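Here is how the chains run, residue by residue.
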Amino acid sequence: MPAKSKAQQKAAGAALAVKRGEARKSDLQGASKEMYESMTEAELEELASTSRKGKPEHVADK
């Protein structure tokens, strides 16, 4: 599942860094913290690797 916005892609990247031990869990907040707790490393990798080109900064919840 590709990221729908730049913010989602960035949050997935932050959560992935913590999963890999490259950052501290205490650095996470908001969506990235939820992603860290609920998604696997493979799922985070897929979201984080999405190209940001042409993506909106944020997508409103519906």
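A short note on the overall build of the protein chain
Here is step 1 of the chain: Helices and strands together make up the secondary structure of the protein chain, namely 3 helices and 0 strands.
Here is step 2 of the chain: Listing every helix and strand of the protein chain by position from the N terminus yields α-α-α.
Here is step 3 of the chain: Expected size for 62 residues packed as a compact globule is a radius of gyration near 11 Å; at 11 Å, the protein chain falls within 12% of this value.
Here is step 4 of the chain: Counting only C-alpha atoms, the protein chain reaches 30 × 20 × 15 Å along its principal axes.
Here is step 5 of the chain: Taken across its 62 residues, the protein chain has 27% of its residues classed as buried.
Here is step 6 of the chain: Considering only contacts within the protein chain whose residues lie at least 6 apart along the sequence, 63% involve residues at least 24 apart.
Here is step 7 of the chain: In the form shown here, the protein chain has an accessible surface area of approximately 4400 Å², with 48% of it arising from carbon and sulfur atoms.
Here is step 8 of the chain: Here the protein chain holds 12 positive side-chain charges and 10 negative ones, and the gap between their average locations is 6 Å.

Quick look at the pattern of salt bridges
Two side chains that carry opposite charge are able to pair once their charged atoms sit near each other.
Here is step 1 of the chain: Counted under the stated rule, the structure contains 4 salt bridges.
Here is step 2 of the chain: As a salt-bridge pair, E41 and R20 come within 3.3 Å of each other at their nearest N and O atoms. Separated by 21 residues along the polypeptide, E41 in helix α3 (residues 41–48) and R20 in the loop between α1 (6–19) and α2 (31–38) bring together distant segments of the chain.
Here is step 3 of the chain: The class for E41 is partly exposed, based on a relative accessible area of 38%.
Here is step 4 of the chain: For R20, a relative accessible area of 41% gives the class partly exposed.
Here is step 5 of the chain: For R24, the salt bridge is made with D27, and the minimal N-O distance between the two is 3.1 Å.

A short note on the environment of H58
Here is step 1 of the chain: Looking at the secondary structure, you find H58 in the segment after α3.
Here is step 2 of the chain: Here the alpha-carbon distance between H58 and M35, two residues 23 residues apart in the chain, equals 16 Å.
Here is step 3 of the chain: Ignoring sequence-local partners within four residues, the contact set of H58 consists of S5 and A7.

What counts as what
- Residues numbered from 1 in each chain as written.
- Predicted model: local features only at pLDDT ≥ 70, side-chain atom pairs only at ≥ 80, totals over all residues.
- Heavy atoms only, no water.
- Helix = DSSP H or I, 4+ residues; strand = E, 2+ residues; numbered from the N terminus.
- Rg over C-alpha atoms; globule rule 2.2 N^0.38 Å.
- Buried < 20%, exposed > 50% of the residue type's maximum accessible area, 1.4 Å probe, protein only.
- Contact = heavy atoms within 4.5 Å.
- Areas by Shrake-Rupley, 256 points an atom, 1.4 Å probe, with all protein chains shown as cover.
- Lys, Arg positive; Asp, Glu negative; His and termini not counted.
- Charge placed at Lys NZ, Arg CZ, Asp CG, Glu CD.
- Salt bridge = Lys/Arg side-chain N within 4 Å of Asp/Glu carboxyl O.

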